[in-house]
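Chain by chain, the residues:
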Amino acid sequence: MRWNLPLLLIALAGCRAEPVAPDYQAANAALMQRDSRRVLTMLKDDRSVEAERLKATALLQLQDLPGAARQLDLAVTAGGNAAVYADYAQLELIRGHLDRAGQWQQRAERAGGA
């Protein structure tokens, strides 16, 4: 059987796979199981606010405070939200920066409509 290459290329061009939505529920479940590396792998190409926040939480579980701060910075840059700001407040408490923790907590409350 001979294939007509131009027709084959046209047919294949129409067969693009739809992007798979990130599974944040699975990432949260992995965090609850303390499977931090799995979360980092699952979300490695996701640059959304939620993905950056979940990666920061995974890095906190691995006791990588500078890495968690970098991920939270990326989450803020990506748009931030109340959960991101609350997580940043928690990180600053862990670091012993009470004033900064308070500032992030206030920002979380404003963002959350509290």
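Cut-offs used in this document
Residues numbered from 1 in each chain as written. Predicted model: local features only at pLDDT ≥ 70, side-chain atom pairs only at ≥ 80, totals over all residues. Heavy atoms only, no water. Helix = DSSP H or I, 4+ residues; strand = E, 2+ residues; numbered from the N terminus. Buried < 20%, exposed > 50% of the residue type's maximum accessible area, 1.4 Å probe, protein only. Contact = heavy atoms within 4.5 Å. Areas by Shrake-Rupley, 256 points an atom, 1.4 Å probe, with all protein chains shown as cover. Expected span 1.5 Å × (residues − 1). Arc of directions from axis to C-beta. Axes fitted to C-alpha atoms, helices over the stretch in contact; angles between N-to-C directions. Parallel < 35°, antiparallel > 145°, perpendicular 65-115°, else oblique. Nonpolar A, V, L, I, M, F, W, Y, C, P; charged D, E, K, R; others polar. Phe/Tyr/Trp six-rings, centres within 6.5 Å; stacked < 30°, edge-to-face > 60°. Lys NZ or Arg CZ within 6 Å of the ring centre and 35° of its normal.

Caption draft 1: Structural view of the overall build of the protein chain. In terms of helices and strands, the protein chain carries seven helices and zero strands. Counting helices and strands in the order they occur from the N terminus, the protein chain gives α-α-α-α-α-α-α. Within the protein chain, the fraction of its 114 residues that count as buried is 31%. Nonlocal contacts in the protein chain, meaning residues at least 24 apart in sequence, comprise 38% of its contacts between residues at least 6 apart. Carbon and sulfur atoms make up 55% of the accessible area of the protein chain, which amounts to about 7,800 Å² in all.

Caption draft 2: Just helix H7 (residues 98-112), in detail. Between the first and last C-alpha of H7 there are 21 Å, a value that for 15 residues agrees with the 21 Å anticipated at 1.5 Å per step. Within the sequence span of H7, burial applies to Ala 101, Trp 104 and Ala 108. Buried residues in H7, looked at end-on, bunch into an arc of 65°, giving them a common side. Summarising the geometry of H7, the exposed residues directed more than 90 degrees from the buried face are Asp 99, Gln 103 and Arg 110. Where H7 is buried, its residues meet helix H5 (65-77) and helix H6 (82-95).

Caption draft 3: Layout of the packing of helix H4 (residues 49-61) against H5. Across the interface, H4 lies against H5 with an axial gap of 8 Å and an inter-helix angle of 170°. Classified by the interaxial angle, the pair formed by H4 and H5 is roughly antiparallel. On the side of H4, the interface is formed by Val 49, Glu 52, Arg 53, Lys 55, Ala 56, Leu 59 and Leu 60, while H5 contributes Leu 65, Gly 67, Ala 68, Gln 71, Leu 72, Leu 74 and Ala 75. Among the residues making up the contact of H4 with H5, the classes are represented as nine nonpolar, two polar and three charged.

Caption draft 4: Summary view of the packing of aromatic side chains. One pass over the structure, following the stated rule, counts two aromatic pairs. Between the aromatic rings of Tyr 88 and Trp 104, the centroid separation amounts to 4.3 Å while the plane-to-plane angle is 0°, which identifies the pairing as stacked. With Tyr 88 in helix H6 and Trp 104 in helix H7, this pair connects stretches of sequence that are 16 residues apart. The class of Tyr 88 is buried, set by a relative accessible area of 5%. Through pairs of rings, three or more aromatic residues link up here, namely Tyr 85, Tyr 88 and Trp 104. Directly above the aromatic system of Tyr 85 lies the positively charged group of Arg 107, at a separation of 4.4 Å from the ring centroid.

Caption draft 5: Region of the structure containing the environment of Arg 110. The residue Arg 110 is located in helix H7 in this model. Judged by its relative accessible area of 60%, Arg 110 falls in the exposed class. Sequence separation of Arg 110 and Tyr 85 is 25 residues, and the distance between their C-alpha atoms is 9.9 Å.

Bear in mind that shape data such as this cannot, by itself, settle questions of function.
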